[in-house]
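Breakdown of the fold
Residue-level listing of the chains:
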Amino acid sequence: MFSKLNTAALFLLGVLANPLPVNALELEADRLTRADLSEADRLRVQTITAAPTDFSKPQQFEALSAGAATGKLDLSRNAFSAFSANITFEQELTFQLGNALFDKLWVSSPSSTLASDGLGPLFNARSCSSCHIRDGRGHPPEDGNATSLLIRLARNAETPGDLAAINNGEMLNLPEPVYGKQLQDLAVPGLAGEGQVSVAYSDVTVTFPDDTKIILRKPNYAITDLAYGALHKGTTISPRIAQPMIGLGLIEAIHEADIAALADPEDANQDGISGRTQLVRDKTGVAALGRFGWKAQTPTIRAQSAEAFNGDIGISTPDVPLNYSDCTKPQSKCFDMANGEQERLGKSEAPDPVMELVTFYSKNLAVPPRRDVGNADVLRGKELFHLSGCAACHQPNFVTRRDAYDPAQAFQLIWPYSDFLLHDLGDGLADGQKVGLASGTEWRTPPLWGIGLTHNVSGHTFFLHDGRARNLEEAILWHNGEAQSSRLAYMQLMKSDREKLLRFLESL
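Structure report, in brief. Throughout this description, residue numbers start from 1 for each chain and increase along the sequence as written. Where local features are concerned, this predicted model is filtered to residues with pLDDT of at least 70; where side-chain atom pairs are given and counted, the filter is 80 or more; whole-chain, interface and lining totals use all residues. Here the side-chain values reflect all heavy atoms present in the structure, with hydrogen atoms and water set aside.

What counts as a ring pair is set by centres within 6.5 Å for rings of Phe, Tyr and Trp (its six-membered ring), and what kind of pair is set by the plane angle: stacked under 30 degrees, edge-to-face over 60, tilted for all other angles. Counted by the stated rule, this structure contains ten aromatic pairs. With 6.1 Å between their ring centres and 65° between their planes, Y179 and Y228 make a pair best called edge-to-face. Placement of Y179 in the loop between α5 (160-167) and β3 (186-187) and of Y228 in the loop between β5 (213-224) and β6 (236-241) is noted, with a sequence separation of 49 residues between them. Look at F398 and F420: their rings are 6.1 Å apart centre to centre, the planes differ by 45°, and that puts the pair in the tilted class. Of the two residues, F398 sits in strand β9 (residues 398-399) while F420 sits in the loop between β10 (413-414) and β11 (422-424), which places them 22 residues apart along the sequence. We note that F398, like F420, is buried. Three or more aromatic residues link up through ring pairs in this structure, and these residues are F83, F95, F102 and Y361. It is K295 that lies over the ring of W443; its NZ or CZ is 4.2 Å from the centre. Secondary structure elements follow DSSP: runs of H or I of four or more residues count as helices, runs of E of two or more count as strands, with numbering from the N terminus. Exposed residues in this analysis have more than 50% of their type's maximum accessible area, buried residues have under 20%, and partly exposed residues fall in between, with area computed by a 1.4 Å probe over protein chains only. Placement of a positive charge over a ring is assigned whenever Lys NZ or Arg CZ falls within 6 Å of the ring centre and within 35 degrees of the normal to the ring plane.

This is the structure in structure tokens:
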């Protein structure tokens, strides 16, 4: 297994010790120090992850976006679908089994195939890959098809008890009384889908100091054909496209202390950046660092997968054993529909090993290697990325835990370009929806690795949480709030330098 060890790891320690069992994410005891490293090794990590000062050449190991787990160079539509390069031969089989379940089409109950029934009763998609097409990025509605976009529904806290429950991590927010936590536009035969989503765009003109004009599109979402009555008047609507699946296991293997160390909620250094950690409860009730989802509302890949099974497909799992997905009491007929529970396999429609296999697959989708890291324009673009302050939120690199649960993710130098913190990006991108500790203007910094291959994999270049940006430049121009100074710095660049910065992003 260790024949493909990350050379960066060898540089850091000289030898990789046997990995230790991972501790539970108990931030109360673990978040302030990297207890998995000695003081000397901690200093080496600080050295290798320090911000660059020489932009005339690539940094050491920069081309290996995911360390030893980095995939092979693939510019095809399958660039995000390879397994991590450092898993064992036996794990490759586990990966393929997980892939089959990720692609599996679920059907409504009762069905002649007991292993595949349980869909719904309300749902948005029949498989995981319906949203994460080729393990890539979703897109906004096209011709009425919103499969890879979800509409989260929520109400803010209305009573002191509700507010206390959210602040204590007992709930993230309040569901809509009739339609629940998200709008499900599809339903099994005999039941009506909840409604349809449509989007209309208005133009927003941005003028650069050099008089270049860019037309942004501002979305306005509407929910029509509501089958169960009007929405509660206090409901917030948050459209969210599916995110790429690559590198998730490595993100989970970043030490909590390394992410928490980047937080500056009071902006103590007065740089205008005040990233905050999102704290949630894991399935055992322990306080954990949220690091997945657009609002960093989920602590682990398994938890994210279980929530998606339940909310998106209507499939119950051992982790979220709700037979009727997002059915609510006013939708009484929803509870009359058959479910696909198999008593002999436990009271869920996707019992283990389904969850174990899907989680393993999701953890081990490889990040592609960087391209053109030594190109002069790319290096200049990288310098401008740092000078413009983009790296203040899009933290270039981390070294993962030595005691990561899976040795394939242990002690790797990785380049995700994210701090995984919550940042206020201003009113232009606000959805008004509070999720846990995240406000209606805050979003988790999304990782940028692989972003240059978006069109190859997904056939489009729609970015941001709702896909409003049609390219990377539009995505930059929507940044405001804490990112305002970086946006203005980008706008002040000469056109040739702006093109170099974009060229750098396309190399990731």
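Quick look at the state of the cysteines now. Criterion for a disulfide: a pair of cysteine sulfur atoms within 2.5 Å. Within the structure shown, the criterion is met by one disulfide. Linked covalently through their sulfurs, C327 and C334 form a disulfide whose S-S length is 1.8 Å. Side by side, C327 and C334 carry an identical accessibility label, which is buried. For the unlinked cysteine C128, the closest cysteine sulfur is that of C131, found at 8.5 Å.

On to the pairing of β5, then. Looking at chain direction, strand β4 (residues 196-207) and β5 are connected through twelve bridges and run antiparallel. Looking across to β5, one finds that V199 is bridged to Y221. The turn joining β4 and β5, which pair antiparallel and follow one another in sequence, is formed by five residues; a positive phi near 75° is taken by D211. We treat two strands as partners when DSSP finds at least two bridges between them.

Once that is clear, we can look at the environment of I451. Within the element layout of this structure, I451 appears in the loop between β12 (442-444) and α11 (454-458). Remark: the alpha-carbon pair of I451 and E506, spanning 55 residues in sequence, is separated by 6.6 Å.

With twelve residues, helix α10 (residues 376-387) should reach 16 Å at 1.5 Å per residue; the first-to-last C-alpha distance of 16 Å fits that figure. All of the buried residues along α10 are V378, L379, G381, K382, L384, F385 and H386. Contact criterion: two residues are considered in contact whenever any of their non-hydrogen atoms come within 4.5 Å of each other. On the buried face of α10, the contacting elements are α14 (495-506). The backbone nitrogen of D377 has a side-chain oxygen 2.8 Å away, supplied by the residue at the start of α10, namely N375. Positioned one or two residues after α10, G389 has a phi angle of 85°, which is positive. The span one expects for a helix is its residue count, reduced by one, times 1.5 Å. Counting of polar contacts relies on pairs of N or O atoms within 3.5 Å, with two restrictions inside protein: one atom must be capable of donating a hydrogen and the other of accepting it, and residues adjacent in sequence are counted only when both atoms are side-chain atoms.

The next thing to look at is the packing of helix α4 (residues 89-103) against helix α9 (residues 354-363). Think of each axis as a best-fit line through the C-alpha atoms, taken over the contacting stretch in the case of a helix, with angles from 0 to 180 degrees between the N-to-C directions. Interaxial distance between α4 and α9 falls to 7 Å at its minimum, and their mutual angle equals 105°. One way to sum up the angle between α4 and α9 is to call them roughly perpendicular. In this structure, α4 uses Q91, T94, F95, L97, G98, N99, L101 and F102 to contact α9, whose residues at the interface are V354, L357, V358, F360, Y361 and S362. All residues other than Ala, Val, Leu, Ile, Met, Phe, Trp, Tyr, Cys, Pro, Asp, Glu, Lys and Arg, Gly among them, are scored as polar; the first ten of these are nonpolar and the last four charged. Partitioning the contact of α4 with α9 into residue classes produces nine nonpolar, five polar and no charged. Under this scheme an angle from 65 to 115 degrees is roughly perpendicular, one under 35 degrees roughly parallel, and one over 145 degrees roughly antiparallel; angles in between are oblique.

The linkage connecting G120 with the following residue, P121, adopts the cis geometry, with an omega of 10°. A cis geometry characterises the amide bond from D352 onward to P353, with omega recorded as 20°. In this fold, P353 is placed in the loop between α8 (301-313) and α9. The phi torsion at D211 lies on the positive side, around 75°, for a residue other than glycine. You can see D211 is positioned in the loop between β4 and β5. Residue class for D211 comes out exposed when judged on its relative accessible area of 59%. Even without glycine at this site, Q270 takes up a positive phi of about 55°. Turning to its location among the elements, Q270 is positioned in the loop between α7 (256-260) and β7 (278-281).

When the charged atoms of two side chains lie near each other, side chains of opposite charge can form a pair. Whenever Lys or Arg places a side-chain nitrogen within 4 Å of a carboxyl oxygen from Asp or Glu, that contact is recorded as a salt bridge. Overall, the coordinates contain 24 salt bridges when judged by the stated rule. Across the pair D431 and K295 runs a salt bridge whose closest N-O atoms are separated by 3.2 Å. With a gap of 136 residues between them, D431 in the loop between β11 and β12 and K295 in the loop between β8 (287-290) and α8 connect regions that are remote in the sequence. Here R380 and D497 are joined by a salt bridge, their closest N and O atoms 3.5 Å apart. Of this pair, R380 sits in helix α10 while D497 sits in helix α14, and the two are 117 residues apart along the sequence. A residue is classified by how much of its surface remains accessible, and D497, at 10% relative accessible area, is buried.

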